[in-house]
Amino acid sequence: MATVVAFHAHPDDEVILTGGTLARAAARGHRVVVVTATDGRMQNEESGFRLDELRSSAEILGVDRVECLGYADSGYGPLFYPDPPGRVRFGRANVEQAAQQLAAILSEEDADLLLSYQPNGGYGHRDHVQVHRVGRRGAELAATPRVLEATMPRELLLRVGHLARVLRLPAPYEPDVARTAYAPRASITHRIDVFGFARQKRDAFAAHRSQIGDSSVGARLYGALLRLPPQTFGLLFPREWYVDPALPAGADRRDIFD
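What comes next is a walk through the structure. On a predicted model such as this, the values are computed, not experimentally measured, just so you know. (Residues numbered from 1 in each chain as written. Predicted model: local features only at pLDDT ≥ 70, side-chain atom pairs only at ≥ 80, totals over all residues. Heavy atoms only, no water.)

Before going further, it helps to examine the packing of aromatic side chains. The full count for this structure, using the stated rule, is 8 aromatic pairs. A centroid spacing of 5.2 Å and a plane angle of 40° characterise the contact between Tyr 123 and Tyr 173, whose relative ring orientation is tilted. Highlighted residues: Tyr 123 in the loop between β4 (113-117) and α4 (126-142) and Tyr 173 in the loop between α5 (154-166) and α6 (175-178), separated in sequence by 50 residues. Tyr 173 sits in the buried class, given a relative accessible area of 18%. When the centroid spacing of 6.5 Å and the interplanar angle of 40° are considered together, the rings of Tyr 123 and Tyr 182 count as tilted. Of this pair, Tyr 123 sits in the loop between β4 and α4 while Tyr 182 sits in the loop between α6 and β6 (190-193), and the two are 59 residues apart along the sequence. In terms of burial, Tyr 123 and Tyr 182 fall into one category: buried. Each member of the aromatic cluster is reached from another via a ring pair, and the members are Tyr 76, Tyr 123, Tyr 173 and Tyr 182. (Phe/Tyr/Trp six-rings, centres within 6.5 Å; stacked < 30°, edge-to-face > 60°. Helix = DSSP H or I, 4+ residues; strand = E, 2+ residues; numbered from the N terminus. Buried < 20%, exposed > 50% of the residue type's maximum accessible area, 1.4 Å probe, protein only.)

If you trace the backbone, Ser 210 turns up in the loop between α7 (198-207) and α8 (217-226). With 157 residues separating them along the chain, Ser 210 and Glu 53 place their C-alpha atoms 8.3 Å apart. Excluding anything up to four places from it in sequence, Ser 210 contacts Phe 49, Arg 50 and Glu 53. (Contact = heavy atoms within 4.5 Å.)

Take unusual backbone geometry next. In this structure, Asp 12 takes a positive phi of about 100° despite not being glycine. Locating Asp 12 in the fold gives a position in the loop between β1 (3-8) and α1 (13-27). Despite not being glycine, Tyr 182 has its phi angle at roughly 50°, a positive value. For Tyr 182, a relative accessible area of 5% corresponds to the buried category.

The geometry of α1 relative to α7 is characterised by a closest axis approach of 9 Å and an angle of 140° between their N-to-C directions. Considering their axes alone, α1 and α7 lie oblique with respect to each other. As for how α1 packs across α7, the hand of that crossing is right-handed. Counted together, Val 15, Ile 16, Gly 20 and Ala 23 of α1 and Gln 200, Lys 201, Ala 204 and Phe 205 of α7 form the full contact between these two elements. Of the residues assigned to the contact of α1 with α7, the class counts are 5 nonpolar, 2 polar and 1 charged. (Axes fitted to C-alpha atoms, helices over the stretch in contact; angles between N-to-C directions. Parallel < 35°, antiparallel > 145°, perpendicular 65-115°, else oblique. Left-handed = near helix turned anticlockwise from the far one by under 90°. Nonpolar A, V, L, I, M, F, W, Y, C, P; charged D, E, K, R; others polar.)

Pasting the structure below:
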């Protein structure tokens, strides 16, 4: 059996990009560890409820251990807010120091595989870009033998965005973001079938209640997705994708341990 460590920026990212993969690995007897760089808090006065949600999500997915490096959320958008008192936003973190924290966990776990992000952070979020930098360096320090970068097919995002606009629904990303987001389909090396873990992925999504609690159209749509039967949810989200920088573009692998 192997040990996989999934390194993410915020609580809920572990489900969006890797939830089915982690549930699949756990079901097959592998040890699964989730590390988040931030606790999801923008300011100090907020409670730690998002870490509680993370732990609930992890339990649903079968994760063995959850850790948080303790940085503050940097926020998404043109404004990069100052650091909260006594804390550092992850986007401003010293890469070497953060990598040493991650490397300590990788070494302690004797990790066989690190799941991290691509250089563009998927859609350019400064914390996600920093996950790539810290993840790459942490794996080097710990001599972790393999790194996979979680992604999505760019072409799929563009089609979904177009359909959403036709139906006058909220698109996952603005068109100018989607055009350079994640990875072209031809560059993806691992396509993981997670249909059989749709119930766990749906329920782990739902554990992050604070992220779907408002009354906006997007939140109502998100809530509706989480009320779908598992089979329907699985048909909508049947795969998760990764790029292995050590493999040629387009290598067709069907398991993260291949």
